[in-house]
Amino acid sequence: TNAGIYMQVIPETLSPSFFSPGNVDSAILILPYTGYTYGDSSSSATPQSFNVYKLTDPLYIDSNYNATQSLAYDPGTIYGTVSNVNFQKLSDSVFMDGRYRGPMLRIKLDISSGSPLYTNLSSASSASDVTTFLDAFRGVYIEHSDTFQSNTKSIPYFQLDGVDTYSHAGILVYHHDASTVGEQIFQYYFDIQTCAHYNKITRNYSGSLAQSLFTSN
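Let me begin by describing the structure that accompanies this report. Just so it is clear, the structure is predicted and the values come from calculations on it, not from any experiment.

The rules behind each value
- Residues numbered from 1 in each chain as written.
- Predicted model: local features only at pLDDT ≥ 70, side-chain atom pairs only at ≥ 80, totals over all residues.
- Heavy atoms only, no water.
- Helix = DSSP H or I, 4+ residues; strand = E, 2+ residues; numbered from the N terminus.
- Buried < 20%, exposed > 50% of the residue type's maximum accessible area, 1.4 Å probe, protein only.
- Contact = heavy atoms within 4.5 Å.
- Phe/Tyr/Trp six-rings, centres within 6.5 Å; stacked < 30°, edge-to-face > 60°.
- Core = buried A, V, L, I, M, F, W, Y, C linked by side-chain atoms within 4.5 Å.
- 1 Å grid on protein atoms, 1.4 Å probe; cavity = no way out; pocket = protein on both sides within 12 Å on 5 of 7 lines; lining within 4 Å.
- Points joined across faces, edges and corners; volume = space filled by probe spheres on them.
- Nonpolar A, V, L, I, M, F, W, Y, C, P; charged D, E, K, R; others polar.
- Pairing = 2+ DSSP bridges.

Turning our attention to the overall build of the protein chain. From N to C terminus, the protein chain includes two helices and 13 strands. For the protein chain, the proportion of its 217 residues judged to be buried stands at 43%. Contacts in the protein chain between residues at least 24 apart in sequence constitute 77% of all its contacts with a sequence separation of at least 6.

Another aspect to go through is the packing of aromatic side chains. Taken as a whole and judged by the stated rule, the model has 15 aromatic pairs. Between F18 and F19 the ring centres are 4.6 Å apart and the planes differ by 35°, which places this aromatic pair in the tilted class. Each member of the pair, F18 together with F19, is buried. When the centroid spacing of 4.8 Å and the interplanar angle of 50° are considered together, the rings of Y53 and Y73 count as tilted. Taken together, the positions of Y53 in strand 4 (residues 48–55) and Y73 in strand 5 (residues 73–85) put the pair 20 residues apart, joining distant regions of the chain. Residue class for Y73 comes out partly exposed when judged on its relative accessible area of 23%. Among the aromatic side chains, those forming a connected cluster through ring pairs are F18, F19, Y79, Y118, F133, F137, F186 and Y188.

Formed by 42 residues in total, the largest nonpolar core has its most connected members in M7, L29, F137 and Y188. Examining the composition of this core, we find that five residues originate from one element, strand 3 (residues 24–39), more than from any other. In contact with M7, not counting residues within four places along its chain, are L29, L59, G139, V140, I142, L160, A169, F190, A196 and H197.

What follows concerns the layout of surface pockets. Empty space among the atoms becomes visible once a probe the size of a water molecule is rolled across them. Reported here for the second largest pocket is a volume of approximately 230 Å³. Along the walls of the second largest pocket sit Q8, P58, L59, Y60, I61, D62, V130, T131, L134, D135, R138 and T194, which together make up its complete lining. Here the lining of the second largest pocket is composed, by residue class, of six nonpolar, three polar and three charged.

Here we take up unusual backbone geometry. One non-glycine residue with positive phi stands out, namely S15, at about 55°. Following the sequence through the fold, S15 ends up in the loop between strand 2 (10–11) and strand 3. Given a relative accessible area of 43%, S15 falls into the partly exposed group. We note that D97 has phi near 55°; this positive angle belongs to a residue other than glycine. Along the chain, D97 turns up in the loop between strand 6 (94–96) and strand 7 (99–101). In this structure D97 comes out as partly exposed when scored by relative accessible area, which is 34%.

Quick look at the environment of F137 now. Of note, F137 is situated in the loop between helix 2 (130–136) and strand 9 (140–144). A relative accessible area of 2% places F137 in the buried class. Note: C-alpha distance between F137 and N120 (17 residues apart in sequence) is 6.5 Å. Residues in contact with F137, not counting those within four places in the same chain, are V9, Y79, L117, N120, L121, A124 and I171.

A word on the pairing of strand 9. Here strand 9 lies mainly inside the structure; five of its five residues are buried. Pairing between strand 1 (residues 2–7) and strand 9: four bridges, direction antiparallel. Residue M7 lies in a different strand from strand 9, and its bridge partner there is V140.

With respect to the helices and strands, I142 occurs in strand 9. Separated by 92 residues in sequence, I142 and F50 have C-alpha atoms that sit 6.8 Å apart.

Here you go:
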């Protein structure tokens, strides 16, 4: 079984002004971890890897999606990747931006000037309303990159909606400008009232006892 997350995010404020050459320093995608894994919890220490892709199909908050449904994403545009994630260790709090935060998966994103993420976010961030933003930046698709790895028998459970910057799933952009002192953080976050999301579940029954039950005669 392999799982992926389709997810929209919205900006904390519309029309941010920090997208200028040299002002954007870095970005990460955060997924708050509940500490729960589906499947064989004893294998949660097995290193796992994840990719973050550009979503090309639109998502709609008023639409229903099922776990076998696939929306188009750009496999050639990987916003970021993380390897060797041990979910037993991920249950600990993390020291981040000056204090300890709750457990989370952090994926470093490439937001260097001219990168796909920089280009897509800076273009979308000129939107004057949330609907226009979501049409321009359709979201991300996060998938386990070790598809159907036989020795990984657990799927982590993440919380998307939260109450503050570090409990919401989303993208944090670190930036600076001449008018402020020190590095600033701008959040593109998942909001359950505005953003659509769903989990895609893929199963491979090859070699299993169930294979014959799903084989057409």
